[in-house]
Amino acid sequence: MSIPAEPSGERGTRYALLTVFLVGLRRRDPGAVMNAVAAAVGTYLPDFVERAYDVELKPWQRAYVNTALLNHAVGMLGPYDDVWWWDHLTHAHSSSILGGVIYAASRRRGRDPGPRVVAVVVCLGLVWELVEYAVHTAANRLGFEPVLVTYGPKDTALDIVFDLVGALLVLAFGDRVLDAFEDVE
């Protein structure tokens, strides 16, 4: 049994995440370090999905997932603070991946994906915001630099809005871009 070759795009993403990790270490930025590690682990999700659900992701779908991971990790090095739209883009991008998973699972089960995609994306978006707030608050109280940062109620509301944008994009384009996942066995 041979081991399949690693796609070059994923290898490139992992090298980029290694760079984020090293820059984070050099800057003594635990948020960048932790997010680079989590994103590097996330680059193995497409392989897991293919094996677990007997589907084959298209190269652009793999790149889409890896780009979201890289956007988030790179954002920790400064773009979240310096580029006004970075957080919005990352939320829409990441939520569209979650929405795509829910969409495909709903279609495979013969159910209407619309309400499920919106409900799961918004609910998990709210849970993420609560976790972000709790981690930030706990780190501040313990005297550590937080690995997740909150920017207040307005930012939280905008995060949920852009999570919803990602969900709505999935609903608008899901039938065209997620057709490989709809085969019911």
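From a predicted model like this one, the values you see are computed outputs, not experimental measurements. (Residues numbered from 1 in each chain as written. Predicted model: local features only at pLDDT ≥ 70, side-chain atom pairs only at ≥ 80, totals over all residues. Heavy atoms only, no water.)

## Examining the packing of aromatic side chains
For step 1, the next point in the chain: This model, assessed by the stated rule, comprises two aromatic pairs.
For step 2, the next point in the chain: Ring centres of Trp60 and Tyr64 lie 6.4 Å apart, and the angle between their planes is 75 degrees; this geometry places the pair in the edge-to-face category. Taken together, the residues Trp60 and Tyr64, both in helix H4 (residues 59-75) and four residues apart, mark about one turn of the helix.
For step 3, the next point in the chain: Note on Trp60: relative accessible area 41%, which makes it partly exposed.
For step 4, the next point in the chain: With relative accessibility at 33%, the residue Tyr64 sits in the partly exposed group.
For step 5, the next point in the chain: Here the basic side chain of Arg14 rests over the ring of Tyr44, its NZ or CZ set 3.8 Å away from the ring centre. (Phe/Tyr/Trp six-rings, centres within 6.5 Å; stacked < 30°, edge-to-face > 60°. Helix = DSSP H or I, 4+ residues; strand = E, 2+ residues; numbered from the N terminus. Buried < 20%, exposed > 50% of the residue type's maximum accessible area, 1.4 Å probe, protein only. Lys NZ or Arg CZ within 6 Å of the ring centre and 35° of its normal.)

## Remarks on the side chain of His88
For step 1, the next point in the chain: Relative to the helices and strands, His88 is located in helix H6 (residues 86-108).
For step 2, the next point in the chain: Sequence-distant contacts of His88, defined by excluding residues within four places in its chain, comprise Leu158 and Phe162. (Contact = heavy atoms within 4.5 Å.)

## Here's the deal with helix H8 (residues 153-177)
For step 1, the next point in the chain: An ideal rise of 1.5 Å per residue puts 36 Å on 25 residues; H8 measures up with 34 Å between its terminal C-alpha atoms.
For step 2, the next point in the chain: By the largest-angle criterion, Leu171 marks the main kink of H8, which is about 45 degrees.
For step 3, the next point in the chain: Among the structural elements, H6 and helix H7 (113-142) are those in contact with the buried residues of H8. (Expected span 1.5 Å × (residues − 1). Bend = angle between axes of the 7 residues up to and from the residue.)

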